[in-house]
Amino acid sequence: MILTITMNPSIDISYPLAEFKLDTVNRVKNVRKTAGGKGLNVTRILKQLEAEVTASGLIGGFLGEEIKKELDQNRISHDFLPISGETRNCIAVLHEGQQTEILESGPIISAAEAAKFLQHFERLAAKADIISISGSLPEGLPVDFYSRMLQVCREKPVVLDCSGDALKEVLAGEVKPRLIKPNTEELAGLLGRSVSSDAAELKAALSDPMFAGIEWIVVSMGGEGAFAKHRDRFYRVNIPEITVANPVGSGDATVAGLTAALEKERSAEDVLKQGNVLGMLNAEEATTGHVNLTKYHSLFEQIEVAEV
């Protein structure tokens, strides 16, 4: 079983507008509302892959119940810890080819709720074969909370997709995730210097002592594919050109593909191919967290993974 964790989920609301006017009324006809958060995007892709998956994290209030209702409708197993605060909304206004986002910060988690979640997580982790943790931490949780979670599930492989100070705390901690997936901007932020797509520069970056003990580092590079380090080997992943309809959630789809491949103990080449295929398939669809698997094998065969 794959356990996915979303600590700060949301209801994602999309408002497509032909014209957006300030300081007046804007009427929207085609509103789209979905259970959001990076971990839930991962969950939806895993469900489409027919993986056995359970979603967890923190949810509260009316919006939290709406998330559970949507997951039930899609027959996705879930076991969230209820909290006293209200799960957040995240609004995207789509106009003239642009996207304006209004993101609520979400609930403030109490110390008692944090402690209770670690107990809840320990119980769920014991049943999991692999764990995928994605996204930001809500207010109230300490910046080292992901490190504490890794301590709780130290015998389990973890795919971690987070950034900033939370990731720095994990890298400095005793227990390491099995895989991290920074993009080039996040990698530069960790190292405190710019990083280009040059193979020699990327190899040097991923060999930095801060990454010691992490089996997999997969650097997503958008249309340029990816660069990866697996133990002491490095790989360049080249992808074909595609028609992008909506890139939102493609990183999460990639995480789902990587996680599912690791669970099945596939080869390094297949792990990287599956992750990138699903990211591309997500980008080709208008709906975030949705892939057309009939195109899977065609794209899989077009991806080149070369050791460098």
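What counts as what
Residues numbered from 1 in each chain as written. Predicted model: local features only at pLDDT ≥ 70, side-chain atom pairs only at ≥ 80, totals over all residues. Heavy atoms only, no water. UniProt positions renumbered as here; feature names shortened; annotations may be inferred. Buried < 20%, exposed > 50% of the residue type's maximum accessible area, 1.4 Å probe, protein only. Helix = DSSP H or I, 4+ residues; strand = E, 2+ residues; numbered from the N terminus. Arc of directions from axis to C-beta. Contact = heavy atoms within 4.5 Å. Axes fitted to C-alpha atoms, helices over the stretch in contact; angles between N-to-C directions. Left-handed = near helix turned anticlockwise from the far one by under 90°. Nonpolar A, V, L, I, M, F, W, Y, C, P; charged D, E, K, R; others polar. Pairing = 2+ DSSP bridges. Disulfide = S-S within 2.5 Å.

Under an unreviewed UniProt entry, the protein chain has the name Tagatose-6-phosphate kinase and belongs to Candidatus Enterococcus murrayae. Listed in UniProt under the heading Pathway (unreviewed entry), the comment for the protein chain reads: "Carbohydrate metabolism; D-tagatose 6-phosphate degradation; D-glyceraldehyde 3-phosphate and glycerone phosphate from D-tagatose 6-phosphate: step 1/2." According to UniProt, the comment filed for the protein chain under the heading Catalytic activity (unreviewed entry) is "D-tagatofuranose 6-phosphate + ATP = D-tagatofuranose 1,6-bisphosphate + ADP + H(+)".

**Observations regarding helix 5 (residues 164-172)**
Every buried residue of helix 5 is listed here: Ala166, Leu167, Val170 and Leu171. Around the axis of helix 5, the buried residues are gathered within 135° of arc, so they sit on the same side. Those residues of helix 5 that are exposed and aimed more than 90 degrees away from the buried face are Asp165 and Ala172. Here the buried face of helix 5 lies against helix 4 (145-152), strand 10 (158-161), strand 11 (179-180) and helix 6 (184-191).

**What about the packing of helix 3 (residues 111-125) against helix 4?**
Interhelical geometry of helix 3 versus helix 4 gives an angle of 35° and a closest axis separation of 10 Å. Along this stretch, helix 3 crosses helix 4, giving a crossing that reads as right-handed. Each of Ala114, Phe117, Leu118, Phe121 and Glu122 in helix 3 lies in contact with helix 4, whose residues at this interface are Phe145, Arg148, Met149 and Val152. For the contact of helix 3 with helix 4, a count of residues per class yields seven nonpolar, no polar and two charged.

**What about the sheet that holds strand 3 (residues 32-36)?**
If you walk across this open sheet you meet the four strands as 3-2-7-8, and the pairing is mixed. In the strand order of this sheet, the two ends are held by strand 3 and strand 8 (98-103), each with one partner. When strand polarity is set aside, the average angle formed by the axes of neighbouring strands in this sheet is 20°. Two strands pair when backbone bridges link them, and strand 2 (residues 10-17) and strand 7 (residues 88-95) are joined in this way by eight bridges, in the parallel orientation. Among the inter-strand pairings, serine 14 is bridged to a residue of strand 7, identified as alanine 92.

**Let's talk about the state of the cysteines**
Evaluation of the coordinates by the stated rule reveals zero disulfides. Not engaged in a disulfide, the cysteine cysteine 153 finds its nearest cysteine sulfur in cysteine 162; these two sulfurs lie 13 Å apart. Given the relative accessible area of 8%, cysteine 162 is considered buried.

**Quick word on the UniProt feature "domain: Carbohydrate kinase PfkB" (unreviewed entry) in the protein chain**
Here the UniProt-annotated "domain: Carbohydrate kinase PfkB" (unreviewed entry) positions come out as residues 7-290. The annotated region residues 7-290 carries 36% helix and 23% strand content, and the separation between its end C-alpha atoms amounts to 21 Å.

**A closer look at the pairing of strand 2**
As defined by bridge partners, strand 2 adjoins strand 3 across five bridges and the pair is classed as antiparallel. Bridging across to strand 3, aspartate 12 finds its partner in threonine 34.

**Here's the deal with unusual backbone geometry**
A positive phi is found at aspartate 23, a non-glycine position, where the angle reads about 60°. As for its position among the elements, aspartate 23 is in the loop between strand 2 and strand 3. Of note, arginine 231 is a non-glycine position whose phi angle comes to about 55°, a positive value. One can find arginine 231 in the loop between strand 13 (226-230) and strand 14 (233-238).

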